[in-house]
Amino acid sequence: MSPAPLVPQHILRDRMSPIAPTHDQVPTLYVIVVYAVVIFALWNIPGARVLITPLKLFTIGWHELCHIVVAVMTGGSVEKVTIDPDQGGSTRVEGGHAPSILAAGYIGSTVFGGVFVLAGFDTLVAKIVSFVLGLGLITPLVLVRTKLTILLTLVYEGLLVGFWFIDHAQALRWYCLFVGVMNVFYVVWDIADDKYFRKVNDSDATQFAMLYPAVSAHVWATLWILFEIGVLIGFVFLGIVAFKMSSEQMYEEASVFLPT
């Protein structure tokens with residue numbers, strides 16, 4: 001009896017459900033979970049926190065930028081902005097629509113992180129968003145200029161450039177995915193800072209409780225975490241549906257954009 005003929009991978013992918021991950025996409029799903037655990041540890045373990053300072057500043061900086069943009073759009077004026085890897089960020093605003101300004105931070109961080117999560121599914125997307133990351137790592141140095149922060153920022157910038165040349169830029173996917181998970185779950189890190197380190201700047205969940213006292217900070221935190229999980233799931237499904245390619249196909253697609 002002759003063995004059944006092997007079915008080509010591209011035909012198998014065509015027969016799959018659109019939301020079923022391919023063999024090449026499954027590792028990305030596992031890595032997202034691992035990254036969430038690793039980031040939680042690095043964000044909260046004293047000493048280890050320093051190692052991710054540039055990425056923290058990038059994440060906090062984007063979060064505060066979202067507050068600033070909505071504050072200006074709703075007629076408010078920004079009085080002061082602070083970004084600190086240990087104390088978090090703070091944007092003091094006069095006027096504007098307070099609920100919208102406050103919500104913009106968590107919503108902006110989550111959606112922005114979702115875009116970087118998509119980069120974990122496709123090398124070309126990773127190449128494109130890496131330019132945003134490269135600029136975003138440097139920008140916080142306008143406000144934070146300690147020697148260690150500058151040194152670590154140069155290290156992370158060096159890694160970003162180096163990853164373009166590792167495995168035909170495939171390594172960029174995992175770098176951008178790490179940044180994506182960090183931004184998507186900003187609510188968790190923000191609340192953890194409140195709980196474990198009693199930072200000077202209150203979390204946005206606490207600020208929501210002050211704005212709407214009938215709902216406790218814990219409830220606000222739970223609602224925002226559920227929102228983050230929902231958005232992450234949405235972007236994961238989008239990545240699965242939109243980027244059903246093998247590593248070889250991703251390389252061919254990405255090779256037309258600044259090939260390495």
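Everything discussed here concerns the structure shown above.
(A) Quick look at helix α4 (residues 98-119). With 22 residues, α4 ought to run about 32 Å at 1.5 Å a step, and its terminal C-alpha atoms sit 33 Å apart, in line with that. Taken as a whole, α4 carries its principal kink of about 35° at alanine 104. Most of α4 is tucked away: 16 of the 22 residues are buried.

(B) Seen up close, the nonpolar core. Residues Ile39, Leu55, Phe116, Val117, Leu133, Tyr175 and Met182 are the most contacted members of the largest nonpolar core, which totals 57 residues. Examining the composition of this core, we find that 9 residues originate from one element, helix α7 (residues 170-184), more than from any other. In contact with leucine 55, other than residues within four places in its own chain, are Leu137, Tyr156, Tyr175, Phe178, Val179 and Met182. Counting 5 residues, the second-largest nonpolar core is a separate cluster that includes Cys66, Val70, Ala71 and Ile101.

(C) Quick peek at the packing of α4 against helix α5 (residues 123-138). Contact pair α4 / α5: the axes reach a minimum separation of 8 Å and the direction vectors enclose 140°. Judged on the interaxial angle alone, α5 and α4 are oblique. Relative to α5, α4 is oriented so that their crossing is left-handed. Packed against α4, whose contacting residues are Phe112, Val115, Phe116, Leu118 and Ala119, the element α5 presents Val125, Ala126, Val129, Val132 and Leu133 at the interface. Split into classes, the residues belonging to the contact of α4 with α5 amount to 10 nonpolar, no polar and no charged.

(D) Molecular detail of the packing of aromatic side chains. All chains considered together, the criterion is met by 16 aromatic pairs. Consider the rings of tryptophan 43 and tryptophan 189, whose centres lie 5.9 Å apart with planes at 25°: the pair is stacked. Note that tryptophan 43 is positioned in helix α2 (residues 26-44) and tryptophan 189 in helix α8 (residues 186-197), a separation of 146 residues in sequence. Taken individually, tryptophan 43 and tryptophan 189 each receive the classification buried, so the pair is uniform in this respect. A centroid spacing of 5.7 Å and a plane angle of 70° characterise the contact between phenylalanine 131 and tryptophan 164, whose relative ring orientation is edge-to-face. Residue phenylalanine 131 is found in helix α5, and its partner tryptophan 164 is found in the loop between α6 (147-163) and α7; the two are separated by 33 residues along the sequence. For phenylalanine 131, a relative accessible area of 46% puts it in the partly exposed group. Within the aromatic cluster, the residues linked to one another by ring pairs are Tyr106, Tyr186, Phe208, Tyr212, Trp220, Trp224 and Phe227.

Conventions used here
Residues numbered from 1 in each chain as written. Predicted model: local features only at pLDDT ≥ 70, side-chain atom pairs only at ≥ 80, totals over all residues. Heavy atoms only, no water. Helix = DSSP H or I, 4+ residues; strand = E, 2+ residues; numbered from the N terminus. Expected span 1.5 Å × (residues − 1). Bend = angle between axes of the 7 residues up to and from the residue. Buried < 20%, exposed > 50% of the residue type's maximum accessible area, 1.4 Å probe, protein only. Core = buried A, V, L, I, M, F, W, Y, C linked by side-chain atoms within 4.5 Å. Contact = heavy atoms within 4.5 Å. Axes fitted to C-alpha atoms, helices over the stretch in contact; angles between N-to-C directions. Parallel < 35°, antiparallel > 145°, perpendicular 65-115°, else oblique. Left-handed = near helix turned anticlockwise from the far one by under 90°. Nonpolar A, V, L, I, M, F, W, Y, C, P; charged D, E, K, R; others polar. Phe/Tyr/Trp six-rings, centres within 6.5 Å; stacked < 30°, edge-to-face > 60°.

The quantities given are spatial measurements derived from coordinates; they are silent on function.
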